[in-house]
Amino acid sequence: MNFNTPVKSRRSAHCTPRQSRLDSSPLTPRHYGQLSSSFIGSRRNSPKTSIHKQIGSPLRLDTYLPETTLVGTGPSSAANTPKRVAKKQLFRSSVQADRFIPSRNSSSTTMSKLEGDNGRANASSCSTSSGSIASNSYDYQSSVAEACGFALNQRILAFKPEAPQSKKPIDLRSQYNRPLKPAVNAQLRRRLPTNAERILDAPGIRDDYYLNLLDWSCNNQVAIGLDRDLYVWNAESGTVSSLLRTTPDTYISGLKWSGDGAYVAVGLSDGDVQIWDVEEGEKVRSMAGHAARVGVMSWDRHILSSGCRDGSIWNHDVRIAQHKVSEYVNHEAEVCGLQWRSDGSQLASGGNDNLVNIWDARSSTPKFTKTNHKAAVKALAWCPWQMNLLATGGGTFDKQIHFWNGTTGARVNTIDAGSQVTSLQWSTSYKEIVSSHGYPDNNLSIWSYPTLVKNGEIQGHDTRILGSALSPDGSTLATVASDENLKFWKVFEQIGKKVSSAVMGGSLASGGKDIAKVMMIR
Amino acid sequence: MAPAQGSSTSGPTRSKLSLKGSSKLVSEFFEYSINSILFQRGIYPPEDFQVVKKYGLNMLVSVDEDVKSYIRRIMAQLNKWMGGSKISKLVVAIVSQDTAEVVERWQFDIEVFGRTASSKKSAGSPANKENSAPVGAKGRAVDAPTDKTIDEIQQEIQAIIRQITASVTFLPVLEGRHSFNVLVYADGDAQVPAEWIDSDPKEVQNAEQVKLRSFSTASHRVDTMVAYRLGTVE
């Protein structure tokens, strides 16, 4: 059939024997497809000719041997051949086979380079083609296999078990440009303000970590201590009044609103603790006795606890003349954090001695003393929705926020805040806690609890935030920093929900005065 | 061929740990690659995959229990073979479930430094090797393995994974349902558990091939290649 073309007829004498043997090999049908050489493929279907019969005998091949050595392409092959003839007759025949059909030889090697397994097919076909001469020779096979870039002592193994079926149909296209996480509903996404709701000046505020100079009452009044002056800013009316000015030899080191918002307790640097009636603008009483400055105070109904620089914590009953009812002594350095639990059964205190003490109201020895912080503990906050959960934050060297179970004393969680923690405020509407920071970030961070995921941070101040206070409706956080700014942030603003008084909790509303349903800041 | 002899003789002096560690690294790379391929080629739905940080990238790893255990079984055996340097290729063949045709073939060629010459017993006379040297991949094994830091190796791996990820841009979209097969090219003397059977190479017919990057450790070199069917050409 193809013999009509001159080229193929010339080659036919060489090709046909191989072809005929390939035909007889069981592997042949598969390999034909892979040997894409067109003339071999077309030959496959050709009827067996008389030539086939003539040269079908192995003897015939021997007659070709001299022919091929003559036809050989270079001296190297000529040089090789005698060597191998001497050693291995069979290998020589393989070389010849390669010489026989140059086009096929080249195609097989290039294919083996590109596709090692086609090479393998060729290798096996080569070995079968010459199998009539030397079917059992390992050397021959390996040499041919090697020539085809395929190691003979190799097995192709497949992992037999079926791969598990995909459970649903997959449209690959839908996968492209697809976000890895499903987009969060815009309404559900937590949004944080980047700008302060309002900024007030706080000139002359003392840049002292150990002082507590900012508080927000349940009557929506913000008290701030600026050196010797105490100002009250009414968040509803926007008016500011100066409540008091201390004598020149002392300054305000701590202040705290009473639970009903009618009085403010003022701690002074000389150790005096004063109660001021805000409505009247006059001092109700003075409770002296502390030997050093009073940096922190906390109210539990009529009991005012004050933490002193000497490490002592005094409990004053503000109703009676002998005001000092008990003393908690365990801190060895300045007490800078003090917080009664909302039910008044436990008091948490933090000091410059890196300790956190949890006191039972009935006992003057600490229930738990925690030494985990490695720096002063000023930030303390009891969780409003889980009574026995206490959060404490450490200073510059520590940067940790620890969460404690106040009942068992166990540490339940820890956040590495990365900055000095200056205050902590739990949200009353979200399951979140906000921390204010000093060195190095000077920011506000909002964390989810108990997932401890950071929901965001606000770069609000240029310098370290000294303290913070949460508005009575729980939506707004006031922060004061050493850059002499008092800023208000709507960090826990409720979107889509009515601000109901229920959120604010009974303890805050205990003052008896009605709190505006929606708080206004003017 | 001379350098090959050099590296092969220096091979055994290398500490065993480095070969072990290198095998582990390579197997780990295979595991992540297989997962990446399964994700990128949509063999399993994307919801079944979870992001894992690895090689400084976000790698997607299947969390489907069946797929996980299937891959784990493959990896367990692969680890054994890798430890003994018994395999020279790993192939992930993607097979159409409708026509049972191999439509895509990911091939990882594993070169173990210092093994090629030593383990090839009676492959022929030295003169014979002369012939084989320029053919096939063996010639590359001679590259003297350089001492690389883990970071450098990781970066090479990262580049390959990135290429696998990027390959969706040129690979044809796989229509219909597909499954995958894992093949290995093992040495004749490798121990073969019953789960593994002899197979044809599962070549892609009418294939286009793209060679991806390689990476190498002190003891291994892994070349990556993908063959895929040109959809339009029959």
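Worth saying up front: this structure is predicted, and the values here are computed from it rather than measured.

Participant: Got a sec to walk through the side chain of Thr224(B)? Specific residues and values, please.
Facilitator: Residue and element names in this part refer to chain B. Its place among the elements puts Thr 224 in strand β8 (residues 220–229). Within the local environment of Thr 224, its side chain forms a polar contact with the backbone oxygen of Arg 213, the two atoms lying 3.4 Å apart. Ignoring sequence-local partners within four residues, the contact set of Thr 224 consists of Phe 29, Gln 107, Phe 108, Ile 160, Lys 211, Leu 212 and Arg 213.

Participant: Explain the side chain of Asp300(A) to me, and be specific about the residues and the numbers.
Facilitator: All names here are of chain A. Along the chain, Asp 300 falls in strand β11 (residues 294–300). Look at Asp 300 and you get buried, because its relative accessible area is 8%. Setting aside anything within four residues of it in sequence, one finds Asp 300 in contact with Trp 340 and Gly 344.

Participant: Summarise the environment of Trp81(B); cite the residues concerned and give the values.
Facilitator: With respect to the element layout, Trp81(B) can be found in helix α3 (residues 65–83). Take Trp81(B): its relative accessible area is 2%, and that puts it in the buried class. C-alpha separation for the pair Trp81(B) and Ser27(B), spaced 54 residues apart in sequence, amounts to 9.8 Å. Apart from the residues lying within four places of it in its own chain, the contact partners of Trp81(B) are Leu157(A), Lys86(B), Ile87(B), Val184(B), Ala190(B), Gln191(B), Val192(B), Pro193(B) and Trp196(B). Among the polar contacts made by the side chain of Trp81(B), one reaches the main-chain carbonyl oxygen of Gln191(B) at a distance of 2.9 Å.

Participant: Lay out the pairing of strand β25 (residues 444–448) of chain A with the relevant residues and their values.
Facilitator: Residue and element names in this part refer to chain A. Of all 5 residues in β25, 5 are buried, a share of seventy percent or more. The alternating pattern of β25 places Leu 444, Ile 446 and Ser 448 on one face and Ser 445 and Trp 447 on the opposite face, and all of these are buried. Pairing of strand β24 (residues 432–437) with β25, which is carried by 5 bridges, proceeds in the antiparallel orientation. Note that in β25 the partner of Ile 433 across the bridge is Trp 447. Joining the antiparallel neighbours β24 and β25 is a turn of 6 residues, in which Asn 442 adopts a positive phi near 55 degrees.

Participant: How would you explain the confidence of the model for chain B if you had to name every residue and give the values?
Facilitator: Residues and elements named next belong to chain B. Taken as a whole, chain B shows an average pLDDT of 77; of its residues, 77% reach a score of 70 or greater. In the model of chain B, helix α1 (residues 2–10) stands out as the element of lowest mean pLDDT, 42, in contrast to strand β4 (residues 102–112), which has the highest, 91. Contacts from residues 116–144, a stretch scored under 50 in pLDDT, to residues over four places away or in other chains number 43 contacts. Predicted complex metrics record ipTM = 0.72 and pTM = 0.47.

Participant: Requested: an account of the sheet that holds strand β5 (residues 178–187) of chain B, with residues and values cited.
Facilitator: Read from one edge to the other, the open sheet built from 7 strands follows the order β6(B)-β1(A)-β5(B)-β3(B)-β4(B)-β8(B)-β7(B), with strand pairing classed as antiparallel. Sheet topology places β6 (196–198) and β7 (207–216) of chain B at the edges, where each strand pairs with a single neighbour. Strand after strand, the sheet turns through a mean of 25 degrees between neighbouring axes, direction not considered. The pairing of strand β1 (residues 154–159) of chain A with β5(B) spans 5 bridges and is classified as antiparallel. Note on β5(B): the bridge partner recorded for Arg155(A) is Ala186(B). Strands β4, β7 and β8 of chain B of the sheet are contacted by helix α5 (residues 150–166) of chain B, whose axis makes an angle of about 160 degrees with β7(B).

Participant: How would you summarise α3(B) if you had to cite specific residues and measurements?
Facilitator: Residue and element names in this part refer to chain B. Here α3 spans 26 Å end to end across 19 residues, near enough to the 27 Å set by a 1.5 Å rise per residue. Burial in α3 covers these residues: Val 67, Tyr 70, Ile 71, Ile 74, Met 75, Gln 77, Leu 78, Trp 81 and Met 82. By the N-cap criterion, in which a side-chain oxygen at the helix start approaches the backbone nitrogen of a residue two or three places on, α3 is capped by Asp 64, the distance to Asp 66 being 3.1 Å. Positive backbone phi, approximately 55 degrees, marks Ser 85, located one or two places after α3.

Participant: Break down the confidence of the model for chain A for me, citing the residues and quoting the values.
Facilitator: Any region with low pLDDT has predicted coordinates that should not be read closely. Residue and element names in this part refer to chain A. When pLDDT is averaged along chain A, the result is 74; 61% of the residues meet or exceed 70. Ignoring residues within four places in sequence, the model shows residues 102–135, a span with pLDDT below 50, making 64 contacts including any to other chains. Taken as a whole, residues 498–518 scores under 50 in pLDDT and shows 22 contacts with residues more than four places along the chain or in a different chain.

Definitions and cut-offs
Residues numbered from 1 in each chain as written. Chains lettered and ligands numbered in written order. Predicted model: local features only at pLDDT ≥ 70, side-chain atom pairs only at ≥ 80, totals over all residues. Heavy atoms only, no water. Helix = DSSP H or I, 4+ residues; strand = E, 2+ residues; numbered from the N terminus. Polar contact = N/O pair within 3.5 Å; in protein donor to acceptor, adjacent residues only side chain to side chain. Contact = heavy atoms within 4.5 Å. Buried < 20%, exposed > 50% of the residue type's maximum accessible area, 1.4 Å probe, protein only. Pairing = 2+ DSSP bridges. pLDDT = per-residue confidence, 0-100. Axes fitted to C-alpha atoms, helices over the stretch in contact; angles between N-to-C directions. Expected span 1.5 Å × (residues − 1).

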